[in-house]
Amino acid sequence: MPAVAAPPPELTAVSLHPLFRPRAVAVVGVSQGRPNIGRRILDQLMSAGFTGPIYPINPRATEIAGLRAFASVRDAPPGVDLAVIAVPPAAVGGAVDDCAAAGVKAVVVITAGFAELGSEGRALQTHLLEKVRGYGMRMVGPNCMGLLNADPLVRLNASFSQIFPLSGSIALSSQSGALGLAILELAVERQLGLSTFVSVGNKADISGNDLLEYWEADASTRVILLYLESFGNPRRFASLARRIGRSKPIVVVKAGRTRAGSRAAGSHTAALAANDVAVDALFRQTGVIRADTIDEMFDIAACLNDQPLPRGRRVTIVTNAGGPGILAADACDAAGLTVAEFSEKTRARLAACLPPMASASNPIDMVASAGPKEFRDTIEGALAAEETDALIILFTSIDRIRCDEILQAIRDGIAAGRRAGATGKPVLACIMAQPGHPASLNVNGEVVPAFAFPENAVRALGKVAAYSSWRAEPSGSIPQFADVRASDARGVCRAAIEARGEGWLTDAEMRRVATAFGLPLAAGSIARSPDEAAALAATIGFPVAAKLLSRRIQHKTDVGAVRLNLTGAAEVRAAHADIAAVARRMAPDDPFEGVLIQPMIAGGVETMMGVVHDRAFGPLIAFGLGGIHVEILGDVRFRVAPLTDRDVDELLHEIKGFRLLQGYRGHPAADLGALADVLLRLSRLAEDVPEILELDFNPVVAMPPGRGCRILDARIKVGHP
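What comes next concerns the included structure. (Residues numbered from 1 in each chain as written. Predicted model: local features only at pLDDT ≥ 70, side-chain atom pairs only at ≥ 80, totals over all residues. Heavy atoms only, no water.)

Quick word on the overall build of the protein
The helix and strand tally for the protein stands at 23 helices and 33 strands. If you line up the protein on its principal axes, its C-alpha atoms span 100 × 80 × 40 Å. Sorting the 721 residues of the protein into buried and exposed places 56% on the buried side. Residue pairs at least 24 apart in sequence account for 72% of intrachain contacts in the protein once pairs closer than 6 positions are excluded. Accessible surface, the protein as shown: approximately 29400 Å² in total, 53% of it carbon and sulfur. Measuring between centres, the 74 positive side-chain charges of the protein sit 2 Å from its 75 negative side-chain charges. (Helix = DSSP H or I, 4+ residues; strand = E, 2+ residues; numbered from the N terminus. Buried < 20%, exposed > 50% of the residue type's maximum accessible area, 1.4 Å probe, protein only. Contact = heavy atoms within 4.5 Å. Areas by Shrake-Rupley, 256 points an atom, 1.4 Å probe, with all protein chains shown as cover. Lys, Arg positive; Asp, Glu negative; His and termini not counted. Charge placed at Lys NZ, Arg CZ, Asp CG, Glu CD.)

In structure tokens form, the structure reads like this:
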């Protein structure tokens, strides 16, 4: 049966509807005697209270668990939209044939023994996928634990999880079945309601990207949580996340940060592009909130699901104990939040609510003697303060007898602040008064998430604030360049690959590629003898720089093949002779390309730019401080191409050395506009010429505003992408 393409994006959400809202469900592979996986799934469907008919499939039974059983899905009554398949691998294909004959629209294949086992399993999975798509069906799995829909009108538990979560508006996907069980347990413990949950397994058909499109259209989903171990199609994910994140936040735990092994790199850019760099860059560009742990993912989800997004990063902290207040303030600094500075008016208002020994500064320390009235009035005043965008309330139980009374005062203070008009500010509570994870506070139907420790609350709020900032900014655009000649550059690269295979371009080839994209290479001429070098230097004007041209020797400074500030003909001749000797010693089999003679450029800030091709993510664009700084400080940041103007602006501002680009201690500022232009052109080059595997521009000297920038040294490695 020929392979059939997956449904187009506009039909994806519709095609997944039978998975989550089936009229009837069949379970294929239900045992009559000793319970197996199929029987467990049947039990969970029944115990969750699925609102439609359930049909157990067993060729040797007529009744199972009080339900009429059928020998095949073909024999079941019409209307089965979803079949859950839990039979041995060799029998899965036949079960799919039966489902297709019965008009089933979607299947969940629980069965393992496919691509996760190697080449033989991959072949079996490929055949299964061709069969499913040939029938126009959709499939979750194989090798998964199933899916759930907690909507009270559906109550679908088509999985072998005994946990059925509260109904809510958080959608969740897990690439790990075992971890999925733990995630569901944690959701119940944290009292977070889910709309739907999917264990995607091997993702043969339905992937996380498909689920994103479904949840985008799903009115019952407000927040999307993903546990990922790998990306099937990172570029599609980026496009979807950038769009969906504008209305529904996406929170991701991505495993595999520290995969063993490192990239064999011939350039600074490739050496710095560690395993997790592309993932981090992709998330930053698309507004995805990255959580470090499952627990933190739920902390963030609680804030997003139950509270408004903060309009800024100013935080007010109310506490009845100094220590937790200090911890919270320190955590704010680490999380990119600001502990708000109060005006005299706000301090006076707060002081009127506080005990004599309390502090009306931020953090507001009400001291241990604070009672219900102080809590209520202070919280109302802090929430209403114009200087704050978010409120964190810390309560350490001093007197357990009054604990419930103070918790009620906290609720009353929040309610009063809301009535006073502070409706757009998130409120988080840290309740250090109860064992285990504290229960959220219900304030007139509003859920205020509660945390066990101040740092947890602050970290979650910091990531939510960063997302809110991303969402508030306009989307970037990808500029077009009328002077770009992409076909010329690609022709040079293809010719080099055909002639020599994978490797580095010559200087002449590199210059043709750069010129085709309007990249500002510094002027220079090639000298093949000491006398020619001296003559060129006299024409250019002293002082000059002399650099070896070699496709084999990449780190030329390390081997003494770069000489700077040469002020006379004798120095230039000697430098040429020395550099030629290095070439003969280091690369005796390579034709000597010559020595590049360039004028010395005075002033400016040295930066670096680069490209490295990632097999999954495509081109990564790097930017940072250049020269020796890139080797010593590694102050480089990455983005995934193609870059928007907003991506470039963030990239420039993100490096720690940005203050140097702004001008520092008398040093002139850099031409940021020129740097941005080069980065955007470099992104276009990386997209239009996929044969470029690695590229280093280092240094790129940024001159003062209005004077542009110059690429002093450039290397490009090409090969088959």
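Still more to cover.
Brief notes about the pairing of strand E18 (residues 390-396)
Summarising burial for E18: 7 of the 7 residues are buried, a large majority. Across 5 bridges, the pairing between strand E15 (residues 314-319) and E18 is parallel. When the bridges of E18 are listed, Val-315 appears paired with Ala-390. In this structure, E18 lies alongside strand E19 (residues 427-432), joined through 6 bridges in parallel fashion. Across the sheet, residue Leu-394 finds its bridge partner in E19, namely Cys-430. In the classification by handedness, the crossover that spans E18, the intervening helix H14 (residues 403-419) and the parallel E19 is right-handed. (Pairing = 2+ DSSP bridges. Right-handed = clockwise from strand over helix to strand, strands pointing away.)

Quick look at empty space enclosed by the protein
The gaps left among the atoms become clear once a water-sized probe is rolled over them. Applying the stated criterion across every chain, the model contains 2 cavities of 30 Å³ or more. Of the voids in this model, the largest cavity is the one considered here, and its volume is about 200 Å³. Along its surface, the largest cavity is lined by 23 residues, and Asp-507, Met-510, Leu-549, Ala-714 and Arg-715 are the ones closest to its centre. Only helix H17 (507-516), strand E27 (595-599) and strand E33 (714-718) provide two or more residues apiece to the lining of the largest cavity. Tallied by class, the residues present in the lining of the largest cavity amount to 12 nonpolar, 4 polar and 7 charged. Here the second largest cavity defines a volume of roughly 70 Å³. Considering the residues around the second largest cavity, the lining is formed by Arg-242, Arg-246, Arg-284, Gln-285, Trp-470, Ser-475, Gly-476, Thr-644, Arg-646, Asp-647 and Glu-650. At the level of elements, helix H9 (277-286) and helix H21 (645-654) are the ones that each hand at least two residues to the lining of the second largest cavity. The element contributing the most residues to the lining of the second largest cavity is H21, with 3 residues. (1 Å grid on protein atoms, 1.4 Å probe; cavity = no way out; pocket = protein on both sides within 12 Å on 5 of 7 lines; lining within 4 Å. Points joined across faces, edges and corners; volume = space filled by probe spheres on them. Nonpolar A, V, L, I, M, F, W, Y, C, P; charged D, E, K, R; others polar.)

Some words on the side chain of Gln-175
Tracing the backbone through its elements, the reader meets Gln-175 in the loop between strand E10 (167-174) and helix H5 (177-189). Taking the relative accessible area as the measure of exposure, Gln-175 reaches 12% and is therefore buried. Only 2.9 Å separates the side chain of Gln-175 from the side chain of Ser-230, close enough to count as a polar contact. In contact with Gln-175, not counting residues within four places along its chain, are Val-200, Gly-201, Lys-203, Tyr-227, Leu-228, Glu-229 and Ser-230. (Polar contact = N/O pair within 3.5 Å; in protein donor to acceptor, adjacent residues only side chain to side chain.)

Points about the pairing of strand E29 (residues 618-625)
Within E29, 8 of the 8 residues are buried, which leaves the element mostly enclosed by the surrounding structure. Bridge count for strand E28 (residues 605-614) against E29 is 8 bridges, and the pairing is antiparallel. Paired with Met-609 across the two strands is Phe-623, which belongs to E29. Hairpin connection between E28 and E29: a loop of 3 residues separates the two successive antiparallel strands. Across 5 bridges, E29 lies against strand E30 (residues 636-640) in antiparallel orientation. Following the sheet pairing, Ile-621 is matched in E30 by Arg-639.

Overview of the sheet that holds strand E2 (residues 54-57)
Pairing in this open sheet of 5 strands is parallel, and the strands run E2-E1-E5-E6-E7 from one edge to the other. The open sheet has two edge strands with one neighbour each: E2 and strand E7 (138-140). This sheet shows a mean twist of 20 degrees between the axes of neighbouring strands, independent of strand direction. Direction of pairing for strand E5 (residues 80-85) relative to strand E6 (residues 106-109): parallel, over a ladder of 4 bridges. Counted as the bridge partner of Ile-85 is Val-109 from E6. Strands strand E1 (24-28), E5 and E6 of the sheet are contacted by helix H3 (residues 89-101), whose axis makes an angle of about 170 degrees with E5. (Axes fitted to C-alpha atoms, helices over the stretch in contact; angles between N-to-C directions.)

Some remarks on the environment of Met-139
Secondary-structure assignment places Met-139 in strand E7. For Met-139, the residues in contact, after removing those within four places along its chain, are Val-107, Val-109, Leu-128, Leu-129, Val-132, Ala-204, Asp-205 and Ile-206.

A word on the layout of surface pockets
Here the largest pocket defines a volume of roughly 910 Å³. What lines the largest pocket is a set of 29 residues, and nearest its centre among them are Arg-284, Arg-313, Ala-466, Tyr-467 and Glu-654. Going through the elements one at a time, H9, strand E14 (289-290), helix H15 (454-472) and H21 are the ones with two or more residues in the lining of the largest pocket. Considering every element that reaches the lining of the largest pocket, the biggest residue donor is H15, with 7 residues. Along the lines of polarity and charge, the residues of the lining of the largest pocket split into 9 nonpolar, 5 polar and 15 charged.

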